[in-house]
Each structure stands twice: as C-alpha cells, then as structure tokens.
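Tertiary structure, described
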Amino acid sequence: MAAARGSLLGMENTSASEIQNILRYCYSRNIPVTVRGAGTGNYGQAVPLQGGVVLDLARMDRIETIQPQGVAVCQPGVRLGVLENEARKAGWELRCYPSTIVKASVGGFLGGGSGGIGSVANGGLRDFQTVRAVEVVTMEPEPRIVLHEGEEVHDILHAWGTNGVIARIWLALAHAVEWSQCVIAFDAFDAAFDFSEKIANGNEWTKRLVTTFEWPIPSFFTPVIKYAPEGKALIFFLIASDQCAALESAAQTIKGMVTYSGVYQGLNARPLLSDYTWNHTTLWAMRADEAYTYLQCGFDPSGVREQMRQLRARFGTEILFHMEFMKNGTGQVIPGAIPLVYFTTEERLNEMIDFCREIGVFVANPHVNNVEGGGRYRADNIQLLAKQRYDPKGLLNPGKMITFHPESSAAGATK
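Residues numbered from 1 in each chain as written. Predicted model: local features only at pLDDT ≥ 70, side-chain atom pairs only at ≥ 80, totals over all residues. Heavy atoms only, no water.

1. Some points on the packing of aromatic side chains
Applying the stated criterion to the full structure yields 14 aromatic pairs. Judged by centre distance (5.4 Å) and plane angle (55°), the ring pair of Phe220 and Tyr292 falls under tilted. Residue Phe220 is found in the loop between strand 11 (207-213) and strand 12 (233-240), and its partner Tyr292 is found in strand 14 (residues 292-294); the two are separated by 72 residues along the sequence. Residues Phe220 and Tyr292 agree in their burial class; the two are buried. Each ring, one from Tyr276 and one from Trp284, has its centre 5.1 Å from the other, and the planes form 25°; the classification is stacked. Through a chain of ring-to-ring contacts, the aromatic side chains of Phe213, Phe221, Phe236, Tyr276 and Trp284 assemble into a single cluster. (Phe/Tyr/Trp six-rings, centres within 6.5 Å; stacked < 30°, edge-to-face > 60°. Helix = DSSP H or I, 4+ residues; strand = E, 2+ residues; numbered from the N terminus. Buried < 20%, exposed > 50% of the residue type's maximum accessible area, 1.4 Å probe, protein only.)

2. Some details on the pairing of strand 18 (residues 333-337)
Where a strand is regular, its side chains alternate between the two sheet faces. Of all the five residues making up strand 18, five are buried; the element is thus mostly covered by neighbouring parts of the structure. Here strand 18 shows two buried faces, one formed by Val333, Pro335 and Ala337 and the other by Ile334 and Gly336. Of the strand pairs in this sheet, strand 15 (residues 296-298) and strand 18 are connected by two bridges, and their pairing is antiparallel. Bridge pairing links Gly298 to Gly336 in strand 18. Adjacent in sequence and paired antiparallel, strand 17 (residues 322-327) and strand 18 are bridged by five residues, among which Gly331 carries a positive phi angle near 95°. (Pairing = 2+ DSSP bridges.)

3. Observations concerning the pattern of salt bridges
Under the criterion given, the structure shown has 18 salt bridges. With a closest N to O distance of 3.2 Å, Asp155 and Arg389 form a salt bridge. Highlighted residues: Asp155 in the loop between strand 8 (145-149) and strand 9 (165-175) and Arg389 in helix 11 (residues 382-390), separated in sequence by 234 residues. Residue Asp155 is classed as buried on the basis of its relative accessible area, which comes to 5%. With a shortest N-O distance of 2.6 Å, Glu318 and Arg348 are connected by a salt bridge. Taken as a pair, Glu318 in the loop between helix 9 (304-315) and strand 16 (319-320) and Arg348 in helix 10 (residues 346-358) lie far apart in primary sequence, 30 residues in all. Residue class for Arg348 comes out partly exposed when judged on its relative accessible area of 21%. Connected through salt bridges with shared partners, the residues Glu84, Arg88, Glu93 and Arg208 form a single ionic network. (Salt bridge = Lys/Arg side-chain N within 4 Å of Asp/Glu carboxyl O.)

4. Some details on the sheet that holds strand 15
Taken together, eight strands build an open sheet; the order of strands is 13-10-12-11-17-18-15-20 and the sheet is antiparallel. Each end of this open sheet is capped by a strand with a single partner; those strands are strand 13 (257-263) and strand 20 (362-364). Strand-to-strand twist in this sheet, taken as the mean axis angle between neighbours without regard to direction, amounts to 20°. In this structure, strand 17 lies alongside strand 18, joined through five bridges in antiparallel fashion. Bridge pairing in strand 18 links Glu324 to Gly336. (Axes fitted to C-alpha atoms, helices over the stretch in contact; angles between N-to-C directions.)

5. Let's talk about the packing of helix 6 (residues 189-201) against helix 9
Viewed as axis vectors pointing N to C, helix 6 and helix 9 meet at an angle of 150°, and their least axial separation amounts to 12 Å. Taken together, helix 6 and helix 9 sit at an angle that is classed as roughly antiparallel. For the crossing formed where helix 6 meets helix 9, the hand is right-handed. In this structure, helix 6 uses Phe189, Phe193, Asp194 and Glu197 to contact helix 9, whose residues at the interface are Val304, Arg305 and Met308. (Parallel < 35°, antiparallel > 145°, perpendicular 65-115°, else oblique. Left-handed = near helix turned anticlockwise from the far one by under 90°. Contact = heavy atoms within 4.5 Å.)

6. Structural notes on the environment of Arg270
Within the secondary structure, Arg270 is located in the loop between strand 13 and helix 8 (279-288). As for Arg270 and Phe236, which are separated by 34 residues in sequence, their C-alpha atoms are 14 Å apart.

7. Things to note about the nonpolar core
Grouped together as the largest cluster of nonpolar side chains are 61 residues, with contacts concentrated most on Val106, Leu110, Leu171, Phe221 and Phe236. Examining the composition of this core, we find that four residues originate from one element, strand 9, more than from any other. Not counting residues up to four positions away in its chain, the partners in contact with Phe221 are Phe213, Phe236, Tyr276, Thr281 and Trp284. Counting 41 residues, the second-largest nonpolar core is a separate cluster that includes Val120, Phe195, Val341 and Val361. (Core = buried A, V, L, I, M, F, W, Y, C linked by side-chain atoms within 4.5 Å.)

As structure tokens, then:
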C-alpha cells in the first residue's frame, strides 16, 4: 500500500522538502503547477495550459546509489545519459531509453515516456517491473511524500505530472553488454522487414535496437547519408559485439549490404545510430520537409504485412514505414512503428488514424494534449484515482487529464 515516507527522508532529501514548500504555497493560493523535466517530450506535457508555476526539477540530479542487484536510486532530474554512463561503470545499463537520452531526464521519462532503445529485449518502461518504486509529493494543504512500489507505481507512471510530483525513483537496470552498431541495406523494404523481424524475434540474438526504414526516410539522415545507398531500405542494429560478424554474414547470404559496422563506444560514438531512431526519425524528416509528422502505432505480429499493404493501398506514400521492434508485457516481440505521415489536413490525418484502428493497428495519437488520448492511459483509471487522492483541486498540470473534475475528487478512492 502507498504510505507516507516523510519520516524516512531525513536531511538528505531537502529538494523534496522544497517541493513540499512550493506546493503548500501554491495550494493555499490556488496557483497551478506544471512539472518540467528536460522538455524533450512530444505531447506538450510540460506546457502550462492555465498559467501558474513551472516547477523545473533539473537541479534534483543526484544518483544516490546503484544497488548491487542492479537498481538505480536517483532523483528525477538525473539525465538518462548520465545514469547510463554511471551504471555501466558498475556493470549495468539502462533497460530502455528514448532517442533523446543525452538530454532527457529520468523523471520526465517516467512521467511521459514509453520505451525506446532496449525495448526489443527488455520491454517498455512499464513492463517487467522496470520501475520498482517512486516517491511522489502530493498537492494538498499539507503536501506528503508518498511511496508507491510494485504494481502501485502504475498509479503515477505516464500521468504527465498531473497526479503528483515524482521526487525519488528506484529504476531496475540490465546487465551491461559490449555492443556494436551495424547498418544493413536491402533493395526492397519487404526484404529488410523480413530480416529485421527474424533478428528481433530470434532468442539466439542479443540485441538492443532493431529499426527498419523504407526509402526515402534514410535520405533525411544527412550526417550519415554515406551509409544510406540511394533507394535502399535500411536497418539499424545495436547487436552484441560477439554476434556482429554472424549478423553481417546472415544478412549477406540474402543479399543484404553492410554499409557500416563498428564497436559501440557509448553516447559519444560517431555515428550514434540511436540519434536517427524512435522519435528522432521524425525530427530528421521535419528538417527535410516541415509537412512531415508521425503516428505511434503497434501492428499485429501475425498480420503486419497485410496491415502495411492496406495502408499503402489506401494512403500511398503519405505514410512511410518506420518500424521499431519491441517486447510487450507478455514477452511477445511486436512490430511497433512510428510511421512518418505527410500532413495535408486534420481531416486526412484523422482518416489515417481511424483506418489504422479499423484494420487492427493500435494508434497512440501524438496530436492530442491529454493523458487519455496519448495511448498509455490505464483503462482501470488508477491514474485518475491517484489524482483524486493527491490533487483534489486539480492544480497539477491542469487540463491535461480531461477525465478529472475537481468536484468529483471528494468521491475518489482513498488508501
């Protein structure tokens, strides 16, 4: 059960006390508070809709410990890249991280993130107890510091700071692996997808990233254009170094062309292939043509080819396939996707979303500015119930959880 932890924090966590002081002041004067991590989210999570205070947690950036069993205990302002580097010194690494790892904060990732590099092996942020526990500060007359652990972390995760301010995090890590980066080109997208699917699903392969692009997406990656032959589909891999030669050989036997291969030297590596995957892909496309936007999709592993065929038949190259393989909470590897969409009208965009859902493609719509529409809202309403408990006036990031009504908070479940 969630429990108040103020008596256990001591002097070491004065920053949490500062949050309590700010929230106490704002509560008494009905001032909205919007929590900000590093601002790398893509739904406008940290954009205040009703003014008030922006609470920047960047200076809460202490890594308290990396426990021997592979759990990092840290404050929310820690940059993911810093945590990755420190974890590797102790023989661990992040289970998953976004392409914005260098700038993104741990707290922001928990509040608004989902998965990323590493998800193909370890699942997303909300899978397999990756988040072991969080402490949150409540927006009440006398703000409390409340511990959520185990399944109760889902009360708080991906709620955009609408139901508490994350002040401390216990994050499970993975054993560190020596990785290599590899770029493989195929004449046709179908061949590239087949090969990437085989590697992503093969238990014999130790991988951290499997990303597949159809042409012309690789043409947008100007810093690494020399690895992108004209007209070819590309796959970007992070693969265990001791398997890299076997991966290259397997690709070459089916006419794949290795255009780059090298030991991964960490976040300072050049090229850094993760800079072109996940949501960074969209950023590179927008540099080339600002009409590009994207969707966040999940395809049916058994029907993905038919789903892609129907999308191509209906929308042509208005949708370009960018596939990111990830493991879901049941252990099944699925072909996720962040397809590029060439925007013309809102009506056309909504038509694409509706058609995806009609043919069984899950869509998290990044063009809405509320938790419920973003695709990770819990159907059991536990995030809403937490907001009713911890933010009865609705002062935390107001307007971002549209199912919340202040007058209903008194009827919310309590613990």
